[in-house]
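One-letter residues, chain by chain:
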Amino acid sequence: MIRILSLLSIALVTLSGWSQPAEAKKLKMWATGVAVSSAAADLDGNGEPGFHSTLQGSGTIGPVWIDNVGDLASDFSIICEFDPDTSAPVGVELQYVGFSTVIRTIGGDQIYIENNASAPGTLCYNFVHNTSTFEVLGDIVGGTGRFEGASGWIRMSGGGRSLAAIDPFDAKITGELELPPRH
């Protein structure tokens, strides 16, 4: 009798269209990787190469691999860092004119992120020490597998050192991932 009632309950839930509620999850990740110049990432069409970066890390959704493609622009008029002893300018600000990101989990599920057009982010390049710090804001625009239909936002910040052909850097990623109701 209990088995029949259980099956009947499952059937009623299925027929009534009941679904699990939407789920919001706080994101927190740490990653390290490298960025390289990429002519294919000239997103603003100015003939200057953009960048491609690959990172590996971990966080609230487990181990992750992150691929970024983006482009920066500057008229070099915004000073973002000064020498503490002389007050001379040592850093210029560059603005992200676009970027897109794919976060891939160990199970192959992916989260898709595009730049937040109203506040895409900045990079401060210290030309004396050849270092940079950055912060970008992105909108989660979907995904695959368990992240299908995802929305939300991310904030990625970090820094690194510029070398001859490759720029190693560390990043911290925070945000909120919203998953749609599941039937």
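A. Representation of the overall build of the protein within the structure. Along the protein, the regular secondary structure elements total one helix and 10 strands. Starting at the N terminus, the α and β elements of the protein follow one another as α-β-β-β-β-β-β-β-β-β-β. Within the protein, buried positions represent 33% of all 183 residues. Expressed as a percentage of contacts within the protein between residues at least 6 apart in sequence, the contacts between residues at least 24 apart total 58%. With the model as given, the accessible surface of the protein reaches about 10,400 Å², and the carbon-plus-sulfur share is 60%.

B. Just the packing of aromatic side chains, in detail. All told, the structure shown has three aromatic pairs when counted by the stated rule. Measuring from centroid to centroid gives 5.7 Å for Phe-134 and Phe-169, while their planes differ by 85°, and the two rings are edge-to-face. With Phe-134 in strand β8 (residues 131-143) and Phe-169 in strand β10 (residues 167-179), this pair connects stretches of sequence that are 35 residues apart. On the basis of relative accessible area, Phe-134 is assigned to the buried category, the value being 11%. A residue is classified by how much of its surface remains accessible, and Phe-169, at 12% relative accessible area, is buried. A network of ring pairs unites the aromatic residues Phe-51, Tyr-96 and Phe-99 as a single cluster.

C. Just the nonpolar core, in detail. Counting residues in each nonpolar core, the largest one holds 29 residues, and the members touching the most others are Ile-61, Ile-103, Ile-111, Ile-140 and Leu-177. Looking at this core, the elements that each hand over two or more residues are β1 (23-38), β2 (50-59), β3 (62-73), β5 (89-105), β6 (110-115), β8, β9 (151-161) and β10. With residues near it in sequence (within four places) discarded, Ile-111 still touches Ile-61, Thr-101, Val-102, Ile-103, Ile-140, Gly-142, Gly-143, Phe-147 and Leu-177.

D. Region of the structure containing the pairing of β1. Across 13 bridges, β1 lies against β10 in antiparallel orientation. Within β10, the residue paired with Gly-33 across the bridge is Phe-169. Pairing of β1 with β2, which is carried by 10 bridges, proceeds in the antiparallel orientation. The residue bridging Val-36 from the neighbouring strand is His-52, located in β2.

E. Local environment of the state of the cysteines. Under the counting rule described, the total for this entry stands at one disulfide. At a sulfur-sulfur separation of 1.9 Å, the disulfide partner of Cys-80 is Cys-124. Taking the sign of the S-S torsion, 85° for the link of Cys-80 and Cys-124, the bridge is right-handed. Of the two residues, Cys-80 is situated in strand β4 (residues 79-82) and Cys-124 in strand β7 (residues 121-126); the sequence distance between them amounts to 44 residues. According to the relative accessible area criterion, Cys-124 is buried, its value standing at 11%.

Basis of the calculations
- Residues numbered from 1 in each chain as written.
- Predicted model: local features only at pLDDT ≥ 70, side-chain atom pairs only at ≥ 80, totals over all residues.
- Heavy atoms only, no water.
- Helix = DSSP H or I, 4+ residues; strand = E, 2+ residues; numbered from the N terminus.
- Buried < 20%, exposed > 50% of the residue type's maximum accessible area, 1.4 Å probe, protein only.
- Contact = heavy atoms within 4.5 Å.
- Areas by Shrake-Rupley, 256 points an atom, 1.4 Å probe, with all protein chains shown as cover.
- Phe/Tyr/Trp six-rings, centres within 6.5 Å; stacked < 30°, edge-to-face > 60°.
- Core = buried A, V, L, I, M, F, W, Y, C linked by side-chain atoms within 4.5 Å.
- Pairing = 2+ DSSP bridges.
- Disulfide = S-S within 2.5 Å.

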